[in-house]
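Structural overview for review
Here is what each chain is made of, one letter per residue.
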Amino acid sequence: MDARSLDLKLATTIALAMLLMALLGVTNTALRVALGIPLALVLPGYTLLAALFPSYTLRGAEKLVFSLALSLVVAALGGFVLNVLPWGFQATAWAGLLGSITLVASGLAYRRRASGLSSAGTPTPWYTGITVETGLFFGLWVTVVIVAIWVARLGALQQPAQDFTQLWVLPASDTNTSIVRVGVHTMEATPLTYQLEVAQGDTLIKDWPTILLQPGATWEVQIALPAALSDTEPITVRLYRLDQPDIVYRQGIFWPRR
Amino acid sequence: MRSILPPWKARATDLDIGIASLAPQPAVEAADVTRQATYSWQWLGVVGLIAVSGLYVIAIANTGARFEAAWAEPLFWVGLLALITPITLRLAAPSVPRTERLGLVTLLGLGLYLVKVLHSPLGFTYFDEFLHWRTYQDIVTTNELFTKNLLLPVSAQYPPLEIVTVALTALTGLPVFAAGVLVIGVVRVIFVLALFLFFERLSSSTQVASIASVLYMANPNFVFFNAMFKYESMALALLAVVLYTLARREGTLHTASLLRLSLVAGLTLVTVVMTHHLTAFALTAFLGLWVICGWVIRRYTATGSGPLDMLVLAVVTNLFWMSFVATRVIEYLGPLLSSAATEFVNLVAGRPEAPRQLFVSATGVAPLWERAVGLGSVALILLGLPFGLWFLWRRYRSQSAVVAMGIAALGYPVSLLLRLSGKSWEIGFRASEFLFMAVGFVIALGVVHYGLPGRWQRGRVLLFAVAVAIIFVGGIINGWTRQWRLPGPYLPAQDTRSIEPQGIEAAEWARIYLGPDNVIAADRTNTVLIATYGSQYVRTTLSGSEDPGWVMYAQYFGTGQRELLQRERIQYFVIDRRLLAAPERAARYYRDVPLQVAFYKFDHTPQVNRIFDSGAIQVYDVGGLVDGR
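What you see is a predicted model, and the numbers here were worked out from it, not measured in a lab. (Residues numbered from 1 in each chain as written. Chains lettered and ligands numbered in written order. Predicted model: local features only at pLDDT ≥ 70, side-chain atom pairs only at ≥ 80, totals over all residues. Heavy atoms only, no water.)

Thoughts on the pattern of salt bridges
Residue and element names in this part refer to chain B. All chains considered together, the criterion is met by 29 salt bridges over all chains. Residue Arg328 is joined to Glu331 by a salt bridge in which the shortest nitrogen-to-oxygen separation is 3.3 Å. For Glu331, a relative accessible area of 48% corresponds to the partly exposed category. Glu500 is the partner of Arg578 in a salt bridge, and the nearest nitrogen-oxygen pair spans 3.3 Å. Of this pair, Arg578 sits in the loop between strand S5 (572-576) and helix H25 (584-587) while Glu500 sits in the loop between helix H20 (482-485) and helix H21 (501-514), and the two are 78 residues apart along the sequence. Just as Arg578 is buried, Glu500 falls in that class too. Within the structure, one salt-bridge network assembled from shared partners comprises Asp128, Lys230, Glu232, Glu426 and Arg430. (Salt bridge = Lys/Arg side-chain N within 4 Å of Asp/Glu carboxyl O. Buried < 20%, exposed > 50% of the residue type's maximum accessible area, 1.4 Å probe, protein only. Helix = DSSP H or I, 4+ residues; strand = E, 2+ residues; numbered from the N terminus.)

Written as structure tokens, this is what we have:
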């Protein structure tokens, strides 16, 4: 390929690399992102456009619009094709589909360019006149946007939200309701000590006087229910915070089954 | 009638001649070209830097809003104006080069997209986004298209947005939120550039094109609604590509280029039809209008035609898709459209069935300044339209596409009328994203030819920038509920403001401890959380189910309620006690049953287990009520 087809060469390389990575099951995220984004959103449209309109005078904004839009169209219509094929929507299938389209379109574009169908000359590039100073301005744009996103993310992460603790009571399995799973998960801001009691009416079945949980921690236990339980009254599972022992903090209700 | 040939028609012989080369080319030295270009890039750099600083201000405003700072909302508007105004001022100048205009328009389009991203930078928080996330999940988990999405069944029948996102996540390993943000970002670039090129093609003026693009972005849906991860966002961008390609084709005489452009337009049009129903219908309607205008114009002049082939393609693909794939679309849109049509007649007759009070939301009546700016923006648009239409008639009446745009712009006052009733406002609201293409273009014609030229030009430009600022701010006020514009503390039953960690964690608990695909009923917010984070089946009226609200908000589990549970095979209920602060949501079910009483029954009915409690949210197993499970 001549120097004028460096773009097609690059597209071909990315498509082949992505195909290879998908076949070998490469999981390196940075590499997959670096190659996957152009293959999914740019290259199929770009190379198809190059094959359809080999001239260099379709440029700048028009080229960008058609490249991106055709890439979306190719991926969308390609999805309908994958839907009827046995491989489904796996990475290999996508890499195969979009990679093949990119390779075939690149080949066609190269042939059309080489056969002189692009008669018009190379136009003035869109980036004519960009200097170091203006480049610095664009660098500042990007920096400001990145900082803005960082500030927004930080604000969202630090937004005050109600602390909470989850309590659950579930049968150990669908078939065995005589064993229940009781669990506690804390999303409180500080470590908390809890007390848990399982009772039916006034009859205490089991209790755990102190359960110390760090933020984000989970505590779980399985309880075998006594056989002599009444089925006209529910089992209640009450969770207390030791700093507020008179208030039922969380409660589960479980009706025994015969 | 005078025949006016568009400038490119007189000279263009091949597509492969770019539009820039059609303009008169004065003999200039290469050094001059480079010097002018450098000057232009410098302007772009400076104006762009001020504009993106507005984004930083908005990020701070959002953070302040999360901590309930009183200054947050004013700062948000300051940031927004910092983003819009410098770009508007620069674009109003007549001698700005095309590349700079393209750069500024793209920057504004992307900047306004980032306003939405800065609002929700960690995950999807808008209601509609969850609906499409679920379709995405269904495709990934089943490896098939067209599975039933119970949140919005019609979404699964229009899957291209989700297909593209699946492709991106499969190839890159990115999480769905990051992939969604990226896809919609790309869509936004396509959209604003295609709009600019379309307007430029119609008007032969980069100034008109850039001002029309800015005015389009002032439509009430652009900043938030059309920036969401939803099918409409993608379809709108592709619609603009179809329109531009067809306008480009109009000036092409070379057969091979014409065929290639037709192929691009056709493929894109078919994708629009598969992506979003309303956009497909709007595109078909506009193509019809364009063709009719072409026929009428051709009777009087030698020029004028219309894309009849694309109209036929649009009609055929729409009918095919609705008949064989999107079979639920009539069921989904039919009631909405017929109700709006009936109410429109009532509104015209002055007897609306559901009169709607403007500027009123769940948090009360909007402040006076918001009402003034909201109404002012509408008044400015209505004021600008006649000037643009007059110029259009004088200068462009032989161009079918431009005449079609003029006629479409007349739909704007009608859409305003639709907003006056609760039964039709949604159609009026949705229509603005289509109508503003015509409205923006027509007003831009008037502004560029009557508004900006003449004495006191700086004053005129300043006045124009103020008007655009009012239209922008007013658009957001008119289109977006007050409490949704900025993030903030939890509010009950307020979509984006109701998405918070406790609800998300409850949904994730359900996925882990109950397993996926249980039938669960919940309120609106928890329904979308449990269906996406929780991977559960939900019951919604949209999916053809009976409304589980008739059980949730009932005083007790009577026979009717138990039968409904049996019919819908509902196993669990998610009860969010924070809804007690928004009792009006439940009042439409049982007016006389207080919400406290409705929730009380879950803890005091035999065989109903409270299996989960996180304080505000409880999950109840009601399976024992109907089948002894």
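That covers the picture; the talk isn't over yet.
So, the interface of chain B and chain A
Facing 99 residues of chain B, the contacting portion of chain A comprises 86 residues. Broken down residue by residue, the surface that chain B buries against chain A is led by B:Trp41, B:Leu171 and B:Tyr513, which jointly contribute 10%. Viewed at the interface, chain A and chain B are joined by one salt bridge. We note a salt bridge from B:Arg248 to A:Glu62, for which the minimum N-O separation is 3.0 Å. Counting the contacts that link chain B with chain A gives 21 residue pairs in polar contact (both at pLDDT 80 or more). Secondary-structure elements contributing two or more residues to the side of chain B that touches chain A are helix H2 (30-66), helix H4 (98-119), helix H7 (160-172), helix H8 (176-203), helix H10 (231-250), helix H11 (255-275), H21 and strand S6 (609-613) of chain B. In terms of residue class, the side of chain B that touches chain A is built from 63 nonpolar, 26 polar and ten charged. In terms of strand pairing, strand S1 (residues 164-171) of chain A meets S6(B) through two bridges, oriented antiparallel. Opposite A:Trp168, over in S6(B), you have B:Phe612 as the bridge partner. (Contact = heavy atoms within 4.5 Å. Buried area = accessible area lost by both parts, 1.4 Å probe. Polar contact = N/O pair within 3.5 Å; in protein donor to acceptor, adjacent residues only side chain to side chain. Nonpolar A, V, L, I, M, F, W, Y, C, P; charged D, E, K, R; others polar. Pairing = 2+ DSSP bridges.)

As for helix H5 (residues 91-114) of chain A
Working note: α-helix, 3.6 residues per turn, so residues spaced by three or four point in the same direction. Taking 1.5 Å of rise per residue, the 24 residues of H5(A) would be expected to cover 34 Å, and the 33 Å separating its terminal C-alpha atoms lies within 8% of that figure. Once H5(A) ends, the next one or two residues include A:Gly116, with phi positive near 80 degrees. (Expected span 1.5 Å × (residues − 1).)

Digging into unusual backbone geometry
All names here are of chain B. With a phi angle near 60 degrees, Ser204 is a residue other than glycine that sits in the positive phi range. Position of Ser204 relative to the elements: it lies in the loop between H8 and helix H9 (206-217). With a phi close to 50 degrees, Trp456 is a non-glycine residue in the positive phi region.

Shape is all these values report; function is a separate question.
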